[in-house]
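Topology and contacts: notes
Letter by letter, the chains look like this.
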Amino acid sequence: MDQVPDLASIVTTVCQDMETHLGRGRVADYIPALARVDPRHFGIAIVTCDGRIAAAGDADLTFSIQSISKVFTLTLALDKLGADLWDRVGREPSGSRFNSIVQLEQEKGIPRNPLINAGALVVTDTLLEGGDASETIAKIADFMQRLADDDSVSIDAEVAQSEAETGFRNASLANFLRGFGNLKGPIDDVLRVYFNQCALSMTCRQLARAGLFLANNGVDPLNHTRVTTAGRTRRINALMMTCGHYDASGDFAFRVGLPGKSGVGGGILAIAPGRAAIAVWSPGLNAAGNSYVGALALERLVSLTGWSVF
Ligand code: GLU
């Protein structure tokens, strides 16, 4: 058994080390409601499998989790469909931008993986089957509240609306998928659910808590509830490692070495299997659409804790 690191001092160190980098990167401006966020925010929270919590910086400010929601909708879809999901979405890194449409044309409407936009739209479509958009949105929000153990987790209606007004690429992807027969629900409903799941508003502390089952073979270690099977947890972590940062997934694995998922709101959820879930947030993005300072902070954290899986 390795030594238990002093997490409180580690998050403080990471926070201090990030100070000179604050404001780097570019805030996502293709969703107008996100463009208004101050790029100088930085927060970090760690929740360990044995119940320790360490947080620093803006760990208690809410931000838009955006594509990090794809990890949680994937969890729900795998539980609903099992391995049948893989008939409709692949498991390979895309090597393309998060909202790329080119690959979808070449690969006949089967998205490369569930963590790019096209794949996430298919996942959302599977959740919608058998219910309507409002019920599905409520189910996702309820799942997040349960995982975060916090009823205050909610969807930011303004962000969802802002994305609905400007989400032309996602609408194109959805239409394309429908053209290939890989989207079954009404396109407007699929998009509505997708924009709402992306607009979930959470703090680093809530997000790390919500992701903790992924560090513990699918069981929430703090309330002993099984969220998903150990096998699916392994698969979700594998996909986060290989596909969680779009076309910069290899670079994230190289630098951080943890399964992770980023969102254009500037958040990253990372999983240290058997140990902890970590959430960082800083809104400035690098060219690939991942948090510039967030990735740097995780790199620093891993060097201080030795938590890389490699
Ligand atoms: N809602 C965003 C979009 O679909 C999510 C992208 C992201 O967070 O990477 O454009």
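It should be noted that the structure appears before, not after, this text.
Now for a quick tour of the structure. Counting starts from 1 at the beginning of each chain's written sequence and moves along it residue by residue. Reporting of local features is limited, given that this is a predicted model, to residues whose pLDDT is at least 70; pairs of side-chain atoms are given and counted only at 80 or more, and all residues count toward the totals for whole chains, interfaces and linings. Calculation of side-chain values draws on the structure's entire complement of heavy atoms; hydrogens and water are dropped beforehand.

Attention now moves to the overall build of the protein chain. A run of H or I in DSSP counts as a helix once it spans at least four residues, and a run of E counts as a strand once it spans at least two, with each numbered from the N terminus. A count of helical and extended segments in the protein chain gives 13 helices and 8 strands. If one aligns the C-alpha atoms of the protein chain with their principal axes, the spans along those axes are about 55 × 40 × 35 Å. For the protein chain, restricting intrachain contacts to residue pairs at least 6 apart in sequence, the fraction spanning at least 24 positions comes to 69%. Per-residue and other accessible areas follow the Shrake-Rupley method at a 1.4 Å probe size, with only the shown protein chains counted as cover for residues. Of the accessible surface of the protein chain, which amounts to about 12300 Å², a share of 50% is contributed by carbon and sulfur atoms. The sign given to each residue is positive for Lys and Arg and negative for Asp and Glu; His and the chain ends receive no count. In plain terms, the charge of a residue is placed at NZ if it is Lys, CZ if Arg, CG if Asp and CD if Glu. Distance from the positive charge centre (28 side chains) to the negative charge centre (33 side chains) of the protein chain: 5 Å. Whether two residues touch is decided by their heavy atoms; if any such pair falls within 4.5 Å, the residues are in contact.

Checked against the element boundaries, D125 lands in helix 5 (residues 117-128). Overall, D125 belongs to the buried group, its relative accessible area being 0%. The contacts of D125, once residues within four sequence positions are left out, are R88, N182, L183, K184, G185 and V190. With a 1.4 Å probe rolled over the protein chains alone, any residue whose accessible area is under 20% of its type maximum counts as buried; one over 50% counts as exposed, and the rest are partly exposed.

Taken across its 6 residues, strand 8 (residues 276-281) has 6 buried, putting it largely inside the fold. Taking every second residue as pointing to the same face, both faces of strand 8 are buried, with A276, I278 and V280 on one and A277, A279 and W281 on the other. Two strands pair under a simple rule: DSSP has to find at least two bridges between them. Strand direction decides the pairing type here: strand 7 (residues 267-272) and strand 8, joined by 6 bridges, are antiparallel. Paired with I268 across the strands is V280, a residue of strand 8. In sequence, strand 7 turns back onto strand 8 through a hairpin of 3 residues, with G274 there showing a positive phi of about 80 degrees.

Quick look at the site of the ligand now. Neighbouring the ligand are the residues Y30, Q66, S67, F98, N117, E163, N170, Y194, C198, Y246, G263 and V264. At 2.6 Å from a nitrogen atom of the ligand is found a side-chain nitrogen or oxygen belonging to E163. Polar contacts, as used here, are pairs of N or O atoms within 3.5 Å; protein pairs need one atom able to donate a hydrogen and one able to accept it. Residues neighboring in sequence count only if both atoms are side-chain atoms. One of the side-chain N or O atoms of N170 is found 2.9 Å from an oxygen atom in the ligand. Within this scheme a cavity is a closed region of a 1 Å grid, computed over the protein atoms alone, that accommodates a 1.4 Å probe without allowing it to escape, whereas a pocket is open but has protein on both sides within 12 Å along at least five of seven lines; lining residues each have an atom within 4 Å of a point. To be counted as sitting in a cavity or pocket, a molecule needs more than half of its atoms within 2 Å of that site's grid points. Cavity membership is defined here by more than half of the atoms lying within 2 Å of grid points; on that basis the ligand lies in the second largest cavity. Residue classes follow a fixed rule: Ala, Val, Leu, Ile, Met, Phe, Trp, Tyr, Cys and Pro count as nonpolar, while Asp, Glu, Lys and Arg count as charged, and any other residue, Gly among them, counts as polar. Partitioning the shell around the ligand into residue classes produces 6 nonpolar, 5 polar and 1 charged. It suffices for a single heavy atom of a residue to lie within 4 Å of a molecule or strand for the residue to be listed as near it.

Across a sheet, strands are paired by hydrogen bonds formed along the backbone, either parallel or antiparallel in direction. The antiparallel open sheet is built from 3 strands, whose spatial order is 3-5-4. If you trace the sheet from one side to the other, it starts and ends with strand 3 (63-64) and strand 4 (154-155), each paired once. Of the strand pairs in this sheet, strand 3 and strand 5 (residues 200-202) are connected by 2 bridges, and their pairing is antiparallel. Residue S64 lies in a different strand from strand 5, and its bridge partner there is S201. Seen against the sheet, helix 6 (residues 133-148) touches strand 4 and strand 5 and runs at an angle of roughly 15 degrees to strand 5. Orientation is described by lines fitted to C-alpha atoms, with helices fitted over the stretch in contact, and by angles between N-to-C directions that extend from 0 to 180 degrees.

Before going further, it helps to examine the nonpolar core. Within soluble globular proteins, side chains that are nonpolar tend to cluster in buried spots. We call a set of buried residues a nonpolar core when its members are Ala, Val, Leu, Ile, Met, Phe, Trp, Tyr or Cys and they connect through side-chain atoms within 4.5 Å of each other. The biggest cluster of nonpolar side chains holds 64 residues, and the ones touching the most others in it are F72 and L207. Beyond its immediate sequence surroundings of up to four residues, F72 is in contact with F143, M144, L147, L207, A210, G211, F213 and L269. Residues C15, M18, L22 and F252 belong to the second largest nonpolar core, which totals 29 residues.

Quick look at unusual backbone geometry now. In this model, K108 sits at a positive phi of 55 degrees, which is unusual for a non-glycine residue. Relative to the elements of secondary structure, K108 occurs in the loop between helix 4 (102-106) and helix 5. You will see that Y246, though not glycine, has its phi angle at about 55 degrees, which is positive. Looking at the secondary structure, you find Y246 in the loop between helix 11 (230-243) and helix 12 (249-255).

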